[in-house]
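The primary structure of each chain is shown beneath.
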2 protein chains.
Amino acid sequence: MATIADIAAKLGISKSTVSKALNNATDISASMRQRVLETAAQMGYMGRRLARTEKKLCILIANMDYETPNQFGHDIVLGFRQMAEAEGWTVDVVPMDKEFQKLTPYGVFMLDHGYQAAYILGFSLLDPWMVDFKTSQIPTVLYDNYIRSNPYIASVGCDSQEGFDLAVKHLVSLGHKKIGLISGPLDSYILRARYNAYLRAMEKYGLEIGENYIGMGYYVAESTRTYIPKLLEQGITAILFSHDIRAISAMTECSDRGIQIPRDLSLIGFDDLPMTAYTEPPLTTIRQDRIALGGCGYYAISCLLSGLPIGSILLRAPLIVRGSTGPAPVA
Amino acid sequence: MATIADIAAKLGISKSTVSKALNNATDISASMRQRVLETAAQMGYMGRRLARTEKKLCILIANMDYETPNQFGHDIVLGFRQMAEAEGWTVDVVPMDKEFQKLTPYGVFMLDHGYQAAYILGFSLLDPWMVDFKTSQIPTVLYDNYIRSNPYIASVGCDSQEGFDLAVKHLVSLGHKKIGLISGPLDSYILRARYNAYLRAMEKYGLEIGENYIGMGYYVAESTRTYIPKLLEQGITAILFSHDIRAISAMTECSDRGIQIPRDLSLIGFDDLPMTAYTEPPLTTIRQDRIALGGCGYYAISCLLSGLPIGSILLRAPLIVRGSTGPAPVA
């Protein structure tokens, strides 16, 4: 690990200047401070300044609402805080947009704020810091994203394969054979994982996937409107969804078309959002235990801070059977 | 969770008799005690007796040596102890054979000894308790084994896919195209995982797998003697092994046949056993960080004891490049 002397040598300045910059002293220019922070981050400097400061972690969050209890991120943040604060950490929750990431390297941001580690929620493959994570030496845990081979970065999520295996097994037990998938586009790590989980679960239960069994689109309502009739034309009797929100949109679409759930069509969501217990009918779905996703995020950070090079932690993904699945209609 | 009253009602005996049996009182017959323990275990009873006793965990170990530092299990046990004992747990290491498992249900054993949770090392798919784990409600972590959907059971291991991806990538960069696999038989969870990891890594790098690229056998020296010449006949220039021990056996076999490593053939092991740094040439291999496997076993138990339903933790599997891999020989 780089020392203050290494940074000073690299920049051709004195150790005391480096030290002042790292400690946010006032008698140093903003541009010099920025140069020192960038160089320190590049060289993997972490030690002295962090050791002196208070124990601070951050949750960096993008593309995900978390402020009220019915929003997806709320319980993840809560579960993380419960674990981390009980062990004496301060936790900051920081919304993070792409523009900021473009201007400031990840390492500089973390060093500047004295964060020892971060939990990253909601980042897409297009977020600029996804590139920084490939080489970063700061303990960092990503929810539903994965970075190959870097021992400082770990991944936490629910086991999509287990969830889809249980969902397909449940449908097969109800007599379904033609099972479709409606998903968001494959521009995120987790949507690719769920897509592959669908393919493998179908294969596992010996079910064929017809040419038009899969619908993908960015806009929820629009893609539901497009794909529900197309899948029904194929004789499909059950549909898996990449997210609850798409399954709920499908309920509305089916209601408009006079298709009865589950008499004519069975639907299974993914997430177990609070509202899914109160839809008409209540939605059968694969649970993401969000309090546990928060707690595991903290556990994963603890592992990395203890020098355990974990790559991933997968939570169980149980199937919550409610009213939106029933026996396959007689052909 | 079952209470003492539930157990008493089920057996038609008094609560005080149940309590005596659970607390190992002397004024109760051995056969009654056994009946109570078995019923309590079946009903998922865990609470009262465990809460009163000291904090006790066990490592149950089969088919794995661990007593001296050069044996595979040694550092796993050490890494587990370091983490667990620092947090006030007593850890017992208990060798466990199939005969004992046949006679005593897992739940009875754990209740009888007052263990709150267990880390399971070296079990094969044929160990009788693998069936008990499917329904057990005792927090239990399995190294290199996996139980579907039971939220009380988690799995810890190294990421075979990451390891084999790195190994094949390394060989491709050296010009190899025909890469074989020598493995133990697919009667264990982890050997199946490594076999599948080989198939996927080859597919990922666009390499074909010829009809006789894979050799499998129980006995190490015998299967090496059989498969090394067979693979060489196919024009193979590099071999991946399911374990270091098979790669080291292959070195001897090659030396006997005048085949030079890595000039004529490149070899990559799996495990990074201490001795692999000292073979002639030193072995390129995929590391299993055994101290970390122990530490993660304890972390996984902590998660389960905190009610976090984790399914698996995978550690990084870095490639350690040494002298047994080199440029592909010119055809």
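Residues numbered from 1 in each chain as written. Chains lettered and ligands numbered in written order. Predicted model: local features only at pLDDT ≥ 70, side-chain atom pairs only at ≥ 80, totals over all residues. Heavy atoms only, no water.

**Remarks on the interface of chain B and chain A**
- Across the boundary between the two partners, chain B contributes 31 residues, which contact 32 residues of chain A.
- Buried surface at the junction of chain B and chain A, summed over both partners, amounts to about 2400 Å²; 53% is from carbon and sulfur atoms.
- For the chain B face of the interface with chain A, the top three residues by lost area are B:Tyr299, B:Leu308 and B:Arg316, together amounting to 29%.
- Seen at the junction of chain B and chain A, the total is two salt bridges.
- The tally of links from chain B across to chain A stands at 26 residue pairs in polar contact (both at pLDDT 80 or more).
- Of all the secondary-structure elements, those providing two or more residues to the side of chain B that touches chain A are helix 9 (160-173), helix 10 (189-204), helix 13 (290-305) and strand 11 (310-315) of chain B.
- Of the residues that constitute the side of chain B that touches chain A, the class distribution is 16 nonpolar, seven polar and eight charged.
- Alignment of strand 11 (residues 310-315) of chain A against strand 11 of chain B, held across five bridges, turns out to be antiparallel. Residue pairing across strands places A:Ser312 opposite B:Leu314, the latter belonging to strand 11 of chain B. (Contact = heavy atoms within 4.5 Å. Buried area = accessible area lost by both parts, 1.4 Å probe. Salt bridge = Lys/Arg side-chain N within 4 Å of Asp/Glu carboxyl O. Polar contact = N/O pair within 3.5 Å; in protein donor to acceptor, adjacent residues only side chain to side chain. Helix = DSSP H or I, 4+ residues; strand = E, 2+ residues; numbered from the N terminus. Nonpolar A, V, L, I, M, F, W, Y, C, P; charged D, E, K, R; others polar. Pairing = 2+ DSSP bridges.)

**Side note on helix 7 (residues 106-113) of chain B**
- Counting buried residues along helix 7 of chain B, six of its eight residues qualify, which places the element largely inside the surrounding structure.
- Downstream of helix 7 of chain B by a residue or two, B:Gly114 has a phi angle that is positive, lying close to 70°. (Buried < 20%, exposed > 50% of the residue type's maximum accessible area, 1.4 Å probe, protein only.)

**Observations concerning the environment of B:Val172**
Residue and element names in this part refer to chain B.
- Within the fold, valine 172 resides in helix 9.
- Overall, valine 172 belongs to the partly exposed group, its relative accessible area being 32%.
- Linking valine 172 and tyrosine 205, residues 33 residues apart in sequence, is a C-alpha distance of 8.0 Å.
- When residues no more than four places from it in sequence are discounted, the contact partners of valine 172 are Tyr205 and Leu207.

**A look at the relation of the copies chain B and chain A**
- Under the fitted operation, chain B is carried onto chain A by 0.1 Å of movement along the axis and a turn of 180°, and the coordinates agree to an RMSD of 0.1 Å. Seen this way, the second copy is the image of the first under a two-fold rotation axis. For chain B, the residue whose C-alpha comes nearest the rotation axis is B:Ile313, separated from it by 2.2 Å. (Least-squares fit on C-alpha atoms with pLDDT ≥ 70 in both.)

**Observations regarding the packing of helix 11 (residues 220-233) of chain B against helix 12 (residues 244-256) of chain B**
All names here are of chain B.
- The geometry of helix 11 relative to helix 12 is characterised by a closest axis approach of 9 Å and an angle of 55° between their N-to-C directions. With respect to each other, helix 11 and helix 12 are oriented oblique. Seen from above, helix 11 lies across helix 12 with right-handed handedness. Between helix 11, through Val220, Ala221, Ser223, Thr224, Arg225 and Ile228, and helix 12, the contact on the second element is made entirely by Ile245, Arg246, Ser249, Ala250, Glu253 and Cys254. (Axes fitted to C-alpha atoms, helices over the stretch in contact; angles between N-to-C directions. Parallel < 35°, antiparallel > 145°, perpendicular 65-115°, else oblique. Left-handed = near helix turned anticlockwise from the far one by under 90°.)

**Points about the pairing of strand 11 of chain A**
Residues and elements named next belong to chain A.
- Extensive coverage of strand 11 is indicated by the burial of five of its six residues.
- One ladder, built from four bridges, connects strand 5 (residues 153-158) with strand 11; its direction is parallel. Within the sheet, the bridge partner assigned to cysteine 158 lies in strand 11 and is leucine 315.

**Structural notes on the pairing of strand 10 (residues 284-287) of chain B**
All names here are of chain B.
- The pairing of strand 9 (residues 266-271) with strand 10 spans four bridges and is classified as parallel. Residue pairing in the sheet places aspartate 271 in a bridge with arginine 287 of strand 10.
- When strand 10 meets strand 12 (residues 319-320), the two strands line up antiparallel, connected through two bridges. Bridging across to strand 12, isoleucine 286 finds its partner in leucine 319.

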